[in-house]
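Chain residues, written in single-letter form:
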Amino acid sequence: MVNDAYRRGRSAAPSHGTMQRYSIFSLARNALTGHRNWQAAWRSPEPRPAYEVVIVGGGGHGLATAYYLAKEHGITNVAVLEKGWLGGGNTGRNTTVVRSNYLYDESAAIYEHSMKLWEGLAQELNYNVMFSQRGVLMLAHGSHDEQVLKRHIHADRLNGIDNEWLTPAQAKAFCPPLNIGKELRYPVTGAALQRRGGTARHDAVAWGYARGADARGVDIIQNCAVTGVRRDGDRVVGVETTRGYIAAGKVGVVAAGHTSVVMAMAGLRMPIESVPLQALVSEPVKPVFPCVAMSNAIHAYISQSDKGELVIGAGTDQYVSYGQRGSFHIAEHTLEAIVELFPIFSRLRMLRQWAGIVDCTPDRSPILARTPVRGLYVNCGWGTGGFKATPGSGHVFAHTIARDEPHPINAPFTLERFRTGRLIDEAAAAAVAH
Amino acid sequence: MLLITCPWCGPRAEIEFRCGGEAHIARPDPATASDADWERYLFLRENAKGVTLERWWHVHGCRRWFNAARDTTTEEFLAFYRMGEPPPATLRARLGR
Ligand SMILES: Cc1cc2nc3c(=O)[nH]c(=O)nc-3n(C[C@H](O)[C@H](O)[C@H](O)COP(=O)(O)OP(=O)(O)OC[C@H]3O[C@@H](n4cnc5c(N)ncnc54)[C@H](O)[C@@H]3O)c2cc1C
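So, here is what we can say about the structure in this document. (Residues numbered from 1 in each chain as written. Chains lettered and ligands numbered in written order. Predicted model: local features only at pLDDT ≥ 70, side-chain atom pairs only at ≥ 80, totals over all residues. Heavy atoms only, no water.)

**What to know about the site of the ligand**
Residue and element names in this part refer to chain A.
Phase 1 of the analysis: In the neighbourhood of the ligand, 39 residues make up the surrounding shell, with Glu82, Asn90, Thr91, Thr95 and Lys388 lying closest.
Phase 2 of the analysis: Val226 places a polar main-chain atom, nitrogen or oxygen, 2.9 Å from a nitrogen atom of the ligand.
Phase 3 of the analysis: In this structure, Phe387 approaches the ligand through a main-chain N or O atom, which is 3.0 Å from an oxygen atom.
Phase 4 of the analysis: Burial of the ligand by the surrounding chains reaches 97%, relative to a free accessible area of 1000 Å².
Phase 5 of the analysis: Among the elements that take part in the shell around the ligand, strand β12 (residues 273–282) stands out by supplying 3 residues, more than any other.
Phase 6 of the analysis: Per-domain counts for the shell around the ligand show at least three residues from each of domain 1 (50–126 + 202–271 + 368–420) and domain 2 (136–200 + 274–360). (Near = heavy atom within 4 Å. Polar contact = N/O pair within 3.5 Å; in protein donor to acceptor, adjacent residues only side chain to side chain. Areas by Shrake-Rupley, 256 points an atom, 1.4 Å probe, with all protein chains shown as cover. Helix = DSSP H or I, 4+ residues; strand = E, 2+ residues; numbered from the N terminus. Domains from an automatic or database assignment.)

Written out as structure tokens, the structure reads:
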């Protein structure tokens, strides 16, 4: 069933007659007219009074959900309501690491589902999402790390996911800037490599899904904040917004850091804490860094964007915040680790720093589920590492909303697990979770 | 970096402290607690956008715990008070409690 979906995905072209297809020919044609005649990638309609499904949150996950609702389930009477601009939340703030080498079966299934969709996504959407499988290298600094990473490798292989062990010398051959010297405070003693892992262009993912959803009839409405969730008894009937009341048969909340705020409007308290997670980029330099490298133990990860900037991810602040800033000492801690692992970067200047508000669950696994309110669904808890899951999350969440029951892949990611105790404890397994 | 006023030591840099999360969550009685009680106690959080009451630990100082009220949109601290004390009366109106 799953394999079928990937195949269908690859061959399917957007069906809507009016969408301008992107190709080498359209590029050439538009070049001749000075690029003045490109059609807008999606409409900006006025909200209608009622929809079959309203998605709250126009990040990658919300937009992907709308896209698959239309494409896989034929539900096109859908609005995506975004309080700011598309992808202005964590989607546009993340460091774009994509991998599927998770420890537990449940996680492996959902992240690998995503990975397979990533592999055909540019063709599927007719939009270059710049998915680059340059490899994700996870460093070990001692016997404990080695055991943990090797356990991941074995578990992944049993789940059909590529992941392999490298010696320090092999790791350096794969990633030449890496310092494998013995003088490090925490010398590199090996690494796990997922070759199919890599990066993608964050904005393009949001824009590509938005364009594909719009072409299938979904209304994408920006600058429209949801301010209330209207219930009739135990059923959701619509949402109050800054642009008026919108009735809805079903509501899917995909609001990342603001999940607790939106769910409180429906009277629900969530197992979530929202904390700032920050990243920074250096001045652009020539191609020097060929992969993604990350170290859980000393907390650092790095890759190079196509613009040439080194993209460096730091940790979370320790307290709940909606302030989208991120403290200096957190960035400093990461940069100390980066310059020790990659001494050639010690004199680079940093260009920009920013933070997003990430929605962390106690077990650090997501929630994609029905809620106690009928017709109200929630997709959240992706925390520090949900960009990589965007296609798979949207795909199975659309199924959950359309059929009012979870897809087998997201069935374990319930809200009730915090009551039953059936956690999916990637918190203990991952550390640097991006 | 936050500047945090420990009720015993005065203002110190955030790196001396650990945040202990939401304050005033009472542990249910194990003899009578239901699964839902445990869920509320262990996992459900207010996660307020606005004023929040939280616990801090002066781990690299006097090693004592205390409570604070902070606005999670501005990071401004509105009050610091000792463990076992209720939030200051001036705050309670703002919190609607
Ligand atoms: C610095 C940083 C680095 C990261 N690095 C990685 C990484 O390398 N790899 C990885 O896999 N993940 C990473 N992540 C995590 C990843 O970014 C998120 O898990 C993912 O992007 C979440 O997507 P989303 O669509 O659910 O959320 P978002 O993109 O945040 O979308 C939610 C949207 O909901 C909107 N919204 C909120 N409230 C309302 C309302 N009331 N009404 C209407 N709209 C509302 C918001 O404006 C927002 O646009 C990182 C995150 C950060 C912050």
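**A few points about the environment of A:Phe418**
Phase 1 of the analysis: You can see A:Phe418 is positioned in helix α12 (residues 417–420).
Phase 2 of the analysis: For A:Phe418, a relative accessible area of 2% gives the class buried.
Phase 3 of the analysis: Each C-alpha atom of the pair A:Phe418 and A:Pro271 lies 7.6 Å from the other, and the pair is 147 residues apart in sequence.
Phase 4 of the analysis: Discounting residues that sit within four places of it in the chain, A:Phe418 has contacts with A:Pro271, A:Thr361, A:Pro362, A:Asp363, A:Ile367, A:Leu423, B:Glu39 and B:Phe43. (Buried < 20%, exposed > 50% of the residue type's maximum accessible area, 1.4 Å probe, protein only. Contact = heavy atoms within 4.5 Å.)

**Brief notes about unusual backbone geometry**
Negative phi values dominate among residues other than glycine, just as trans dominates among peptide bonds.
Phase 1 of the analysis: Located in the positive-phi region is A:Arg364, a residue other than glycine, with phi close to 65 degrees.
Phase 2 of the analysis: Residue position: A:Arg364 is located in the loop between β16 (350–360) and β17 (367–370).
Phase 3 of the analysis: The phi dihedral of B:Asn47 falls on the positive side, at around 50 degrees, and the residue is not glycine.
Phase 4 of the analysis: Relative to the helices and strands, B:Asn47 is located in the loop between α1 (35–42) and β4 (51–57).
Phase 5 of the analysis: Overall, B:Asn47 belongs to the buried group, its relative accessible area being 4%.

Function cannot be read off these values alone, since they describe shape.
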